[in-house]
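Listed below, chain by chain, are the residues.
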Amino acid sequence: MHLIASSHARWQPRVVEAVLGTNDPVLVAEALTQAVDAALGVPIVAARFYEPGAGVVVGLDLADGRSVVAKVHRATFTPFEHLVTIARVQADLVVAGVPAPAPLAGPLVLGDGWLTIEEYRGGDTADGYDPVVRRGMASALHDFINAARPHAHGSQLGSWLGEPVIDDLWPEPHDLRFDFPSTAAGAEWIDDAARAARATLVAATLPDVVGHLDWRVQNLAFADRTVSAVYDWDSVALGPEAAVVGSASVIHPVDWRLEQPDPLPTLDQLDGFVADYEAARGATFDDDEREVLTAAQRWIASYGARCQHSDNLLGMFPNVDHSKGWPRLLRQLLDR
């Protein structure tokens, strides 16, 4: 099986090695082939894509004509119980009519991680800056949250904020390339913004919903500019509805594979997503919800800025203008 890495994968070899113990493409292919074959009992005939990121994602064609997506998760980052609960939510949402790929197997042990397998629904990419696409994404997120409401109580899903393990503020970064402790110099303003936002979010008393915390065009597929598939299910977690929407408003148009100089939305585009969601919801957010929504936007932008600051100081992506992107958006949000 030939695995084709995405263009940004060269920056993330530690993910593969941390989970599978090797970066050798032949050994990685063998490990994934054997694991998927054993789990499904069907030979693999071709690979569609291979993308190491927070985990390792592979699209595969099977001998019986089906296509599947296999994802390897770092055990130290994504707990087993979290993945088990996500599979239950995912299966229920398939029945509810949400365009969710049906889970097929897992989580199963693979190396120092977990393997999950789901159907591949296919679909097209879309322009997240297109107001029609944005409106559809906001409406689909509302449908997702409504369908998942039965799982919001007594769930094993983790909190969207994550457990603070760095300076009593930051959760474990989602990518192994980020090093917050060694890149603290110059990031004080980011930490201050994040601390204020986190304090507001921790003090909030709004009820939790089940939300998808990486709701952006790269993790969705489309048919005629309408959402036709939802991927990246390990991003499902608990949080207030306003926080889930605030998070999505910040990231909704982003596809990191395009390597744009500054893919993050303008404030008008960000506000447009919130307004589109309120239209789908049939009600505007009240003052308490607005406070949480704003704090969530600042928290996500702070985390992104902290990651970008780490990349800058460690010399990652040397051709990137690190005054743009997350720092730009965070400053704009703080100045409102």
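Before reading on, note that the structure itself is shown above.
Now for a look at the structure at hand.

1. What to know about the overall build of the protein
Logical step 1: If you tally the helices and strands in the protein, you get nine helices and nine strands.
Logical step 2: Along the three orthogonal principal directions, the C-alpha set of the protein runs to about 55 × 45 × 35 Å.
Logical step 3: Expressed as a percentage of the 336 residues in the protein, the buried residues total 52%.
Logical step 4: Relative to all contacts within the protein whose residues are 6 or more apart in sequence, the contacts with residues 24 or more apart total 72%.
Logical step 5: Of the accessible surface of the protein, which amounts to about 14600 Å², a share of 51% is contributed by carbon and sulfur atoms.
Logical step 6: The centroid of the 25 positive side-chain charges in the protein is displaced by 3 Å from the centroid of its 46 negative side-chain charges.

2. Digging into the nonpolar core
Logical step 1: Residues Trp160, Trp215 and Trp299 are the most contacted members of the largest nonpolar core, which totals 69 residues.
Logical step 2: Tallying contributions element by element places helix 8 (residues 287–314) first for this core, with ten residues.
Logical step 3: The residues contacting tryptophan 160, other than those within four sequence positions of it, are Leu201, Leu213, Ala237, Leu238, Gly239, Pro240, Ala243, Ser247, Ala296, Trp299 and Ile300.

3. Overview of the pairing of strand 3 (residues 67–74)
Logical step 1: Within strand 3, eight of the eight residues are buried, which leaves the element mostly enclosed by the surrounding structure.
Logical step 2: What you see with strand 3 is no split at all: Ser67, Val69, Lys71 and His73 on one side and Val68, Ala70, Val72 and Arg74 on the other are buried throughout.
Logical step 3: Relative to strand 3, strand 2 (residues 56–62) runs antiparallel, the two being bridged by six bridges. Directly across from glycine 59, in strand 3, lies its bridge partner valine 69.
Logical step 4: Hairpin remark: strand 2 followed by strand 3, antiparallel, with four residues in the connecting loop; positive phi at glycine 65, about 95°.
Logical step 5: Both strand 3 and strand 5 (residues 113–119) contribute to a ladder of seven bridges, which runs antiparallel. Bridge pairing in strand 5 places histidine 73 opposite tryptophan 114.

4. Quick word on the packing of helix 5 (residues 188–203) against helix 9 (residues 326–334)
Logical step 1: It is at 12 Å that the axes of helix 5 and helix 9 come closest, and there the two elements cross at 50°. The pairing of helix 5 with helix 9 is recorded here as oblique in orientation. The two elements helix 5 and helix 9 meet at a crossing, and its hand is left-handed. Packed against helix 5, whose contacting residues are Trp189, Ile190 and Ala193, the element helix 9 presents Pro327, Leu330, Arg331 and Leu334 at the interface.
Logical step 2: Grouping the amino acids of the contact of helix 5 with helix 9 by side-chain chemistry returns six nonpolar, no polar and one charged.

5. Some words on a negative patch on the surface
Logical step 1: Together, Asp286, Asp287, Asp288 and Glu291 line one region of the surface with negative charge.
Logical step 2: Residue position: glutamate 291 is located in helix 8.

6. Comments concerning the sheet that holds strand 3
Logical step 1: With respect to topology, five strands assemble into an open sheet ordered 1-2-3-5-4, the strand pairing being antiparallel. The two strands at the open ends of the sheet, each matched to only one other strand, are strand 1 (44–52) and strand 4 (103–110). Put simply, the sheet's adjacent strands are angled 20° from each other on average, direction ignored.
Logical step 2: Sheet strands in contact with helix 2 (residues 25–40) are strand 1, strand 2, strand 3, strand 4 and strand 5, and its direction is about 125° off that of strand 4.

7. Quick look at the environment of alanine 100
Logical step 1: Examined against the element boundaries, alanine 100 turns out to sit in the loop between helix 3 (80–95) and strand 4.
Logical step 2: For alanine 100, a relative accessible area of 0% translates into the label buried.
Logical step 3: Note: C-alpha distance between alanine 100 and glutamate 188 (88 residues apart in sequence) is 40 Å.
Logical step 4: With residues up to four places along the chain from it excluded, the contact list for alanine 100 reads Gln90, Val94, Glu119, Arg121 and Trp233.

8. Side note on helix 8
The α-helix advances 3.6 residues per turn, and as a result positions three or four apart in sequence lie on the same side.
Logical step 1: With 28 residues, helix 8 ought to run about 40 Å at 1.5 Å a step, and its terminal C-alpha atoms sit 41 Å apart, in line with that.
Logical step 2: In this structure aspartate 286 caps helix 8, since a side-chain oxygen of it lies 3.1 Å from the backbone nitrogen of aspartate 288.
Logical step 3: Glycine 315 occupies a position one or two residues after helix 8 and carries a positive phi of about 80°.

9. A word on the pattern of salt bridges
Logical step 1: According to the stated counting rule, one finds 19 salt bridges in the structure shown.
Logical step 2: The shortest N-O distance in the salt bridge between arginine 306 and aspartate 191 comes to 3.2 Å. Of this pair, arginine 306 sits in helix 8 while aspartate 191 sits in helix 5, and the two are 115 residues apart along the sequence. In this pair, the class of arginine 306 matches that of aspartate 191, namely buried.
Logical step 3: For arginine 257, the salt bridge identified is with aspartate 255, shortest N-O distance 2.8 Å.
Logical step 4: Linked through salt bridges whose partners overlap, the residues forming this network are Arg149, Glu241, Arg281 and Glu289.

Reading guide: rules and limits
Residues numbered from 1 in each chain as written. Predicted model: local features only at pLDDT ≥ 70, side-chain atom pairs only at ≥ 80, totals over all residues. Heavy atoms only, no water. Helix = DSSP H or I, 4+ residues; strand = E, 2+ residues; numbered from the N terminus. Buried < 20%, exposed > 50% of the residue type's maximum accessible area, 1.4 Å probe, protein only. Contact = heavy atoms within 4.5 Å. Areas by Shrake-Rupley, 256 points an atom, 1.4 Å probe, with all protein chains shown as cover. Lys, Arg positive; Asp, Glu negative; His and termini not counted. Charge placed at Lys NZ, Arg CZ, Asp CG, Glu CD. Core = buried A, V, L, I, M, F, W, Y, C linked by side-chain atoms within 4.5 Å. Pairing = 2+ DSSP bridges. Axes fitted to C-alpha atoms, helices over the stretch in contact; angles between N-to-C directions. Parallel < 35°, antiparallel > 145°, perpendicular 65-115°, else oblique. Left-handed = near helix turned anticlockwise from the far one by under 90°. Nonpolar A, V, L, I, M, F, W, Y, C, P; charged D, E, K, R; others polar. Patch = residues over 30% accessible without salt bridge, like charges linked within 9 Å, V, L, I, M, F, W, Y side chains within 5 Å. Salt bridge = Lys/Arg side-chain N within 4 Å of Asp/Glu carboxyl O. Expected span 1.5 Å × (residues − 1). Polar contact = N/O pair within 3.5 Å; in protein donor to acceptor, adjacent residues only side chain to side chain.

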